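In case you want the letters, here they are:
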Amino acid sequence: MKRLKLLTLCVAVLAIIFPTGGHAQIDKSLNETLESLLDGAETYQDYKVIRTSDLRRFKHAMQDSLSHYRQSLADLTEQTQSMQATVLQLRAESEQLANTLATAESRADMIGFLGMDMKKATYSIFVWSLVVLLCLCLVIMYGRIRHVCGVVKRVKSAYSKIVEDYRNQRFQATEKQIKLKRELQTALNQLELVKSAEA
């Protein structure tokens, strides 16, 4: 009786532990075997008497099922370990790809300029500062050139006026000189006339 209870308990525990669909047929055959064993047993004062040969066959079937379950469990454990190794490998590859991506992004964010590596933002600020500085220099140069052009125009106009005044004064001086020469010549001619009239 203890064996029967123990056997029933083992079958119930196995049915609870391994209720998977792939093993349902094996569980069913074990249950059917147990039911047929109990149905084929003789009754003796509320006790069932089971033949030992039937119990041995049931034991053998149960051991086969247990070994099958153990093999399935070992296969599943091996698959789980294989999957864990694959997951670890994929994590390592993912970390390596993340590091490679970070390195590539940092390289992509850098620009070589005059032999120095600069970040793109720093390079952009430097270039725009240079552009603004050059524009400012151009504006200052334009202002100075305009000022110089104004000064040159004033100097030219003053020079033209001075040259014109010089020409006018020279013309007037030349005319005065000619007038004085004529007057002198006239005076010399009259002096000669006076001398020749006296002589």
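Residues numbered from 1 in each chain as written. Predicted model: local features only at pLDDT ≥ 70, side-chain atom pairs only at ≥ 80, totals over all residues. Heavy atoms only, no water.

Regarding the overall build of the protein
Secondary structure assignment for the protein yields four helices and four strands. N-terminal to C-terminal, the α/β element order of the protein is α-α-β-β-α-β-β-α. Taking the contacts inside the protein whose residues are at least 6 apart along the sequence as the reference set, 47% of them involve residues at least 24 apart. In the form shown here, the protein has an accessible surface area of approximately 17300 Å², with 61% of it arising from carbon and sulfur atoms. (Helix = DSSP H or I, 4+ residues; strand = E, 2+ residues; numbered from the N terminus. Contact = heavy atoms within 4.5 Å. Areas by Shrake-Rupley, 256 points an atom, 1.4 Å probe, with all protein chains shown as cover.)

Focus on helix H3 (residues 52–108)
With 57 residues, H3 should cover 84 Å at 1.5 Å per step; its first-to-last C-alpha distance of 81 Å lies within 8% of that length. Asp 54, Phe 58, Met 62, Ser 65, Tyr 69 and Ser 72 are the residues of H3 that are buried. (Expected span 1.5 Å × (residues − 1). Buried < 20%, exposed > 50% of the residue type's maximum accessible area, 1.4 Å probe, protein only.)

Considerations on a nonpolar patch on the surface
Taken together, the side chains of Phe 126, Leu 130, Leu 133, Leu 134, Leu 136 and Ile 140 define a hydrophobic patch exposed on the protein surface, amounting to about 550 Å² of accessible area. Inspection of the secondary structure puts Leu 136 in helix H4 (residues 120–198). (Patch = residues over 30% accessible without salt bridge, like charges linked within 9 Å, V, L, I, M, F, W, Y side chains within 5 Å. Salt bridge = Lys/Arg side-chain N within 4 Å of Asp/Glu carboxyl O.)

Looking at the confidence of the model for the protein
Note: predicted coordinates in regions of low pLDDT should not be interpreted at a detailed level. Here the protein shows a mean pLDDT of 80. Residues at 70 or above account for 76%. The weakest mean pLDDT in the protein belongs to helix H1 (residues 2–17) at 54; the strongest belongs to H4 at 91. (pLDDT = per-residue confidence, 0-100.)

Here we look at the state of the cysteines
Tallied over the full model, the rule gives zero disulfides. With no disulfide of its own, Cys 135 lies 9.4 Å from the sulfur of Cys 137, the closest cysteine sulfur. The exposure class assigned to Cys 135 is partly exposed, which follows from its relative accessible area of 43%. (Disulfide = S-S within 2.5 Å.)

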